[in-house]
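# Topology and contacts: notes
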Amino acid sequence: MRAEQSRGRRYPEPPHPYRSEYARDRDRIIHSRAFRRLEAKTQVFTTRFSDHFRNRLTHTLEVTQIARTVATALGLNSELAEALGLVHDIGHPPFGHSGERALDALMRPYGGSFNHNLHALRIVEKFEQRYLEFPGLNLTFEVREGIIKHSRQYSAAELPQLADYLLDLQPPLEAQLIDCVDEIAYNTADIDDALEANILDLGRFAKQFRCLARLTRMFTPCILPLRKN
């Protein structure tokens, strides 16, 4: 996706003299209040056992780093991939997916629901108030589309208010990439954090995943002394 081919912003703005449209999106996300709040939100493990567990912010940074690297290697737009990586979890509540399910259950009796993708769109379009000229961050269409289509699909019949986001089409490759690198980041990080918490038996784990058996034999002598100390 080339920045000059963007569908633009909801509220038109003059181009920046030395930053691309997606670089501006990246910077607006980093400076948002919602981005800073990710620091206090759980990824999987809480901090009471270790200072080294990932939180939602450090997970987001890991996803963004992998996304930029892979996008560059594939010849995709690394600035768009970076912006999408930074914003992909900005709508998550505390306590990870458990918190999302709890909020959804609490809202159901009142005819509502909670979905972190839809909440992320509300955040960047309404809740963030940093500019006099418009509500929200006024991100490009492609970043907003990537927020909506992250990790799931919607139909216009299900959510007619999202019909403008081309729900019958896949998003750009940069947005599709985020789902893949998100899995890479959280699967490897969850294993690492579980080792840090001393709740993962590498031998039993390797039996379930044969591809890890060789790595386990290689790294167990290095890992176990560290965990015992």
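Everything that follows concerns the structure shown earlier in this document.
Residues numbered from 1 in each chain as written. Predicted model: local features only at pLDDT ≥ 70, side-chain atom pairs only at ≥ 80, totals over all residues. Heavy atoms only, no water.

## Some words on the side chain of Glu125
Position of Glu125 relative to the elements: it lies in helix H6 (residues 116-127). At 2.7 Å, the side chain of Glu125 and the side chain of Arg10 are in polar contact. For Glu125, the contacting residues outside a window of four places in its chain are Arg10, Pro135, Gly136, Arg144 and Tyr165. (Helix = DSSP H or I, 4+ residues; strand = E, 2+ residues; numbered from the N terminus. Polar contact = N/O pair within 3.5 Å; in protein donor to acceptor, adjacent residues only side chain to side chain. Contact = heavy atoms within 4.5 Å.)

## A closer look at the environment of Ile184
Checked against the element boundaries, Ile184 lands in helix H8 (residues 173-196). Taking the C-alpha atoms as reference, Ile184 lies 8.1 Å from Val63; in sequence the two are 121 residues apart.

## Focus on the layout of surface pockets
Each pocket or cavity is described by its volume, and for the largest pocket that value is around 410 Å³. Surrounding the largest pocket, 16 residues form its lining, Leu121, Glu125, Gln161, Leu162 and Tyr165 being those nearest its centre. Per element, the largest residue contribution to the lining of the largest pocket is 5 residues, and it comes from H6. For the lining of the largest pocket, a count of residues per class yields 6 nonpolar, 3 polar and 7 charged. (1 Å grid on protein atoms, 1.4 Å probe; cavity = no way out; pocket = protein on both sides within 12 Å on 5 of 7 lines; lining within 4 Å. Points joined across faces, edges and corners; volume = space filled by probe spheres on them. Nonpolar A, V, L, I, M, F, W, Y, C, P; charged D, E, K, R; others polar.)

## Things to note about the pattern of salt bridges
Enumeration according to the criterion identifies 16 salt bridges in this entry. Where Glu125 meets Arg10, a salt bridge forms, and the shortest distance between an N and an O atom there is 2.7 Å. Here Glu125, found in helix H6, pairs with Arg10, found in the segment before helix H1 (21-30); they are 115 residues apart in sequence, far enough to count as distant. On the basis of relative accessibility, which here comes to 19%, the residue Glu125 falls in the buried class. We note a salt bridge from Asp27 to Arg26, for which the minimum N-O separation is 2.9 Å. On the basis of relative accessible area, Asp27 is assigned to the buried category, the value being 19%. Connected via shared salt-bridge partners are Arg19, Arg26, Asp27, Arg68 and Glu82. (Salt bridge = Lys/Arg side-chain N within 4 Å of Asp/Glu carboxyl O. Buried < 20%, exposed > 50% of the residue type's maximum accessible area, 1.4 Å probe, protein only.)

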